[in-house]
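Results of the structural survey
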Amino acid sequence: MIRDKNCGDIREPDIGSVMTITGWVFRRRDHGGLIFIDLRDRSGICQIVFSPDVAVDAHEIAHDLRAEYVISVSGEMRKRPDGTENPSIPTGMTEMYVHKLVVLNRAAALPFNMEEAAEAGEALRFRHRYLDLRRPEMQQNLMMRHRIIKGFRDYLDMKSFLEIETPMLTKSTPEGARDYLVPSRLNPGHFYALPQSPQLFKQILMVAGFEKYFQIVRCFRDEDLRADRQPEFTQVDLEMSFVDMDDILGLIEDMMKTIFRETLGTDIETPFQRLSYNESMERFGNDKPDMRFGLELKDMADLAGGGNFKVFLDALQSGGMVKAINGKGMAALSRKELDILTSEAQSFGAKGLAWIKVKNGFESPIAKFFPEEILRSMAKRLQAEEGDLMLFIADRSKVVYDVLSRMRLELGKRLNLIQPDYKFVWITDFPLLEWDEEEERFQAMHHPFTSPIAGDMEKMLAGDAGDREMLSSLKAMAYDIVLNGNEIGGGSIRIHRRDVQKKMFEVLNISDTEAEVKFGFLLDALKYGAPPHGGIALGLDRLVMLMTGATSIRDVIAFPKTQKAFCMMSGAPALVEPKQLKELHIKTDEV
RNA sequence: GGGGUGGUAGUUCAGCUGGUUAGAACGCCGGCCUGUCACGCCGGAGGUCGCGGGUUCGAUCCCCGUCCGCCCCGCCA
């Protein structure tokens, strides 16, 4: 070993001992006489002192030290003189008096200030990711990620889950996201796909009798990126046999509780609240509600219909809805501020925003369309009191939900209603199918292997594949796990009967031949004694983001890609040699 | 594919209604400094104003195109 101890581990018992420590020069304070350096390694920082009274040559060399030089220093650990201790760091009682300094490596002037790197542009941080990752904040993030992953592994191992790897070179599936394709040299014109998830393989593992499987696995989706979406991301993927939905939800709750306790020391509340998809939409306007605050949506159709405000009446008549939320204490907003709020609503897709101030009665351009009694009922339903602002959206249901759910979040932030906390919620009873207007057929809302809920199973089997109304009413035995308004995972009880699976393909308008070509191996497997099974996949990156307080998953991924799926450090993707393309039997169009 | 926003010194940003010499802070370089911890003080260097075109006597500023980052819609579970 070329060092005796980590910088951040130095404590008072080390006083008096002579040792060697190594690290990066973090900050330097060169007084000409005394030189102080904060030496940093992964564990933390330690102040070292160069004095001409202790070692003339080391002191001489120390003048030339610069940020991020890698050095080794040997010397005596001493108690800091009275009054010079630094209580703000764990090593603040001690300092090393260096008698020997070795510069292990020099560093060029940095492209950005490490201490203010959080403010530096992401493009720059990504290009020099090795420097960005050297920052304590990023190191903390990745250490937390490690502990969380270890938490999952330990917990699932304890519960007798087996970690089994599945192929990365796999087969393109037509449903779901766009695949990343990999050309096959040995099979001209044929392509592998990188997995969007190990879905089919984990089901096969259940058929194969492993009963409890998990994997911390990379998944790939060639879709456009967001702050919480990367083209490659990590799932905690698991599947179990002989279980029902409550078994899986219970296991995940206990697992989360364990991991939050062990990594953050936080005690989260279990069991998690459960909301049906419909209830979530009604009350919050989306299927991933942030449960840390109220501001719930209220249906106003009956009251709105009792006036003669044309916008409301039109919306209701054409099958739309009128819903509202209560902007607590916002009656003081000026006309101009209300205009801004309105254009915000419009940017979310609304045609307009109707508002009624509860202020000396009711103040609003639309108040005149409603009898006093209805206005009072509206206020009552929204629990609006003097000083509040009632905000209405009237439109098609999709628009109303979309706009109000976003306004709810916006107001929650603005009114400071969102306290730091971890509020989980399960969303259940999703529709099994979703009508695709463009393709004029049903799509599986979760995926085509999801079982209907028990009561709907016979309905689907007995029903006609063209019965749109019946099919739209079917509920899936699927569940999403939502944390603070972020979807962090989802799963379902799968179809384990071949006849049900075939019916599902029929409903989805996937022909026998097509099903055979695309999922034949799963259908085959279902013939040979498939146990009832189900599982879930958790989005690890999002979970770590929330647990570290990061604002983007890019801050919890060591080497993330930009919004154009470009790696600024390595330069991937890149052009390749014509020879490589030729071997792969590939000709490109452009460039 | 679409909407929004940004790109000026190594970095973060300012730069008025288009005007002659493009600034600040931090960093960098040189000097001074023996108790600092964002050390301090003095001095200095450092600019393809993303790129291309246009309008203009004159463009960092206006217009068009383009590239890149970020946020969002579509897309994606």
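Here, every reference points to the structure presented above.
Presented here is a report on the structure given in the accompanying data block. (Residues numbered from 1 in each chain as written. Chains lettered and ligands numbered in written order. Predicted model: local features only at pLDDT ≥ 70, side-chain atom pairs only at ≥ 80, totals over all residues. Heavy atoms only, no water.)

Attention shifts here to a nonpolar patch on the surface. Side chains of Ile2, Val102 and Leu104 sit close together on the surface and give an oily, nonpolar patch of about 260 Å² of accessible area. With respect to the helices and strands, the residue Val102 is situated in strand S5 (residues 94-105). Accessibility expressed as a relative area gives 31% for Val102, which makes it partly exposed. (Patch = residues over 30% accessible without salt bridge, like charges linked within 9 Å, V, L, I, M, F, W, Y side chains within 5 Å. Areas by Shrake-Rupley, 256 points an atom, 1.4 Å probe, with all protein chains shown as cover. Salt bridge = Lys/Arg side-chain N within 4 Å of Asp/Glu carboxyl O. Helix = DSSP H or I, 4+ residues; strand = E, 2+ residues; numbered from the N terminus. Buried < 20%, exposed > 50% of the residue type's maximum accessible area, 1.4 Å probe, protein only.)

In spatial order, the strands read S12-S13-S16-S14-S15; together these five strands make up an open sheet with antiparallel pairing. Looking along the sheet, the strands with just one partner apiece sit at the ends: strand S12 (298-299) and strand S15 (362-363). Sheet topology places strand S13 (residues 321-327) next to strand S16 (residues 389-395); seven bridges connect them, and they run antiparallel. Bridge assignment links Ala324 to a residue of S16, and that residue is Phe392. Here helix H12 (residues 397-414) sits on the sheet and contacts S13 and S16; the angle it forms with S13, its principal contact strand, is near 5 degrees. (Pairing = 2+ DSSP bridges. Contact = heavy atoms within 4.5 Å. Axes fitted to C-alpha atoms, helices over the stretch in contact; angles between N-to-C directions.)

What follows concerns the pattern of salt bridges. Throughout the structure, instances matching the rule amount to 47 salt bridges. A salt bridge links Lys5 to Asp14; the shortest N-O distance between them is 2.9 Å. The partly exposed category is assigned to Lys5, whose relative accessible area is 28%. Judged by relative accessible area, which is 10%, Asp14 ranks as buried. Across the salt bridge formed by Asp38 and Arg27, the nearest N and O atoms sit 3.4 Å from each other. Of this pair, Asp38 sits in strand S2 (residues 35-41) while Arg27 is found in strand S1 (residues 18-30), placing the two residues 11 residues apart along the sequence.

Our focus in this paragraph is the sheet that holds strand S9 (residues 212-220). The strand order S6-S9-S10-S22-S21-S20-S17-S11 describes an open sheet built from eight strands, whose pairing is mixed. Sheet topology places strand S6 (162-163) and strand S11 (273-276) at the edges, where each strand pairs with a single neighbour. In this structure, strand S21 (residues 486-493) lies alongside strand S22 (residues 533-539), joined through five bridges in antiparallel fashion. In the strand pairing of S22, Gly489 is matched with Leu538. Packing of helix H7 (residues 277-284) onto the sheet brings it into contact with S11 and strand S17 (424-428), and relative to S11 it is tilted by some 90 degrees. Here helix H17 (residues 540-548) sits on the sheet and contacts strand S10 (232-241), strand S20 (478-483), S21 and S22; the angle it forms with S21, its principal contact strand, is near 140 degrees.

Running from amino to carboxyl end, helix H13 (residues 454-462) crosses helix H15 (residues 498-507) at an angle of 60 degrees, the nearest separation of the two axes being 10 Å. Between H13 and H15 the crossing geometry is left-handed. Residue-level inspection shows Met457, Met460 and Leu461 of H13 in contact with H15, the latter providing Asp499, Val500, Lys503 and Met504. For the contact of H13 with H15, the per-class residue count stands at five nonpolar, no polar and two charged. (Left-handed = near helix turned anticlockwise from the far one by under 90°. Nonpolar A, V, L, I, M, F, W, Y, C, P; charged D, E, K, R; others polar.)

Glancing now at the nonpolar core. Of all hydrophobic cores here, the largest spans 61 residues; its most connected members are Leu341, Leu389, Leu391, Ile393, Val403, Met407 and Leu433. It is H12 that contributes the most residues to this core, seven residues altogether. Residues in contact with Leu341, not counting those within four places in the same chain, are Met330, Leu333, Leu353, Leu389, Leu391, Met407, Leu411 and Arg414. Ranked by size, the runner-up nonpolar core spans 44 residues in total, among them Phe152, Phe214, Leu483 and Ile557. (Core = buried A, V, L, I, M, F, W, Y, C linked by side-chain atoms within 4.5 Å.)

One pass over the structure, following the stated rule, counts 14 aromatic pairs. Here the aromatic rings of Phe309 and Phe312 are separated by 4.8 Å at their centres, their planes lie at 70 degrees, and the arrangement is edge-to-face. On the accessibility criterion, Phe312 (1% relative accessible area) is buried. Aromatic side chains Phe505 and Phe519 sit 5.2 Å apart centroid to centroid with 5 degrees between the ring planes, which places their arrangement in the stacked category. With Phe505 in helix H15 and Phe519 in helix H16 (residues 512-527), this pair connects stretches of sequence that are 14 residues apart. Connected via pairs of aromatic rings, a cluster forms that spans Phe260, Phe272, Tyr422, Phe424, Trp426 and Tyr479. The ring of Trp435 is capped by Arg468, whose NZ or CZ atom sits 3.8 Å from the centre of that ring. (Phe/Tyr/Trp six-rings, centres within 6.5 Å; stacked < 30°, edge-to-face > 60°. Lys NZ or Arg CZ within 6 Å of the ring centre and 35° of its normal.)

Attention shifts here to helix H11 (residues 372-381). When H11 is considered as a whole, its buried residues turn out to be Ile374, Leu375, Met378 and Ala379. When H11 is viewed along its axis, its buried side chains cluster within an angular range of 140 degrees and face the same direction. For H11, the exposed residues set more than 90 degrees away from the buried face come down to Glu373 and Lys380. Close packing links the buried residues of H11 with helix H8 (301-304), strand S14 (354-358), S15 and S16. Residue Gln383 follows H11 closely and has a positive phi angle near 50 degrees. (Arc of directions from axis to C-beta.)

Here the residue pair Thr270 and Pro271 is connected by a cis peptide bond, since its omega of -10 degrees sits within 30 degrees of zero. Relative to the elements of secondary structure, Pro271 occurs in the loop between helix H6 (245-264) and S11. Going from Ala572 to Pro573, the amide bond is cis rather than trans, its omega being 0 degrees. Its place among the elements puts Pro573 in the loop between H17 and helix H18 (578-583). Its identity is not glycine, yet Glu68 carries a phi of approximately 70 degrees, on the positive side. Looking at Glu68, the relative accessible area reads 2%, which means it is buried. The phi torsion at Asn509 lies on the positive side, around 65 degrees, for a residue other than glycine. Note on placement: Asn509 falls in the loop between H15 and H16.

Looking now at the pairing of strand S18 (residues 433-436). In terms of strand pairing, S18 meets strand S19 (residues 441-444) through four bridges, oriented antiparallel. Pairing of Asp436 across the sheet is with Arg441, part of S19. Between S18 and S19, which pair antiparallel one after the other, the connecting turn spans four residues, and Glu440 there sits at a positive phi close to 55 degrees.

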